[in-house]
Amino acid sequence: MLIQFVFYNNSQSPDASVKHEGDSRTGEGVGDDETIQIDLSKVDALVQEIVFIVTIHEAEQRKQNFGQVRNSFIRIYDNATEKQIAKYELDEDASAETAIEFGKLYRKDGEWRFQAVGAGYKSGLQSFVDRYAA
């Protein structure tokens, strides 16, 4: 199993299949606040899943949580056709969570599939690095 982390301080996977396009920290403007481009044809064969986790940067120091964030969602769309494939909205009270595992793309029978997860955590980015790198 190959583990790679792509996030705001490491914006591209080594095989260039996953690219984090930056972060809108204010939420202002039109369109999605953050975009991650994925070219599934370039994903290393050793990668079996791509997990989408959103954390609030320095949440503890800033006393922030997802209960203060409105309209949180993840959506997957085909860039070539601009067709939305899946959308998962965070619609529950997340007043204590500082990280949300929205979902994952995973390989099954030679195809990529999406699974919504929606699990909340009281942790930051480092906890996921520790969890997946173990």
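So, here's what we can say about the structure. Counting restarts for each chain: residues are numbered from 1 in the order of the written sequence. Reporting of local features is limited, given that this is a predicted model, to residues whose pLDDT is at least 70; pairs of side-chain atoms are given and counted only at 80 or more, and all residues count toward the totals for whole chains, interfaces and linings. Calculation of side-chain values draws on the structure's entire complement of heavy atoms; hydrogens and water are dropped beforehand.

## Considerations on the overall build of the protein
Scanning the protein from N- to C-terminus turns up two helices and seven strands. Comment: elements are numbered from the N terminus, with helices defined as DSSP H or I runs of at least four residues and strands as E runs of at least two. Each helix and strand of the protein, placed in order from N terminus to C terminus, yields the pattern β-β-β-α-β-β-β-β-α. Counting over 134 residues, the protein shows a buried share of 23%. Where accessible areas are quoted, they stem from the Shrake-Rupley method and a 1.4 Å probe; at the residue level, only the protein chains shown are allowed to cover. Only carbon and sulfur atoms are counted for the fraction: they give 44% of the accessible area of the protein, which is about 9100 Å². Relative accessibility under 20% of the residue-type maximum defines a buried residue, over 50% an exposed one, and the middle range a partly exposed one, all with a 1.4 Å probe and only protein chains included.

## Quick notes on the sheet that holds strand β3 (residues 49-55)
We treat two strands as partners when DSSP finds at least two bridges between them. Spatially, the three strands line up as an open sheet ordered β3-β6-β7, and their pairing is antiparallel. Edge positions in the sheet fall to β3 and β7 (111-121), since each has one partner strand and no second. Adjacent strand axes in the sheet meet at a mean angle of 15° when their direction is disregarded. Bridge count for β3 against strand β6 (residues 99-108) is seven bridges, and the pairing is antiparallel. Bridging across to β6, V51 finds its partner in K104. Contacting β3, β6 and β7, helix α2 (residues 125-133) crosses the sheet at an angle of about 155° to β3. Lines are fitted to the C-alpha atoms to define the axes, a helix being fitted only along its stretch in contact, and any angle between axes, read from their N-to-C directions, falls within 0 to 180 degrees. Note on contacts: a residue pair is in contact if any heavy atoms of the two residues lie within 4.5 Å.

## Here's the deal with unusual backbone geometry
Phi is positive for A16, which is not a glycine, with a value near 60°. Counting through the fold element by element, A16 comes out in the segment before β1 (18-23).

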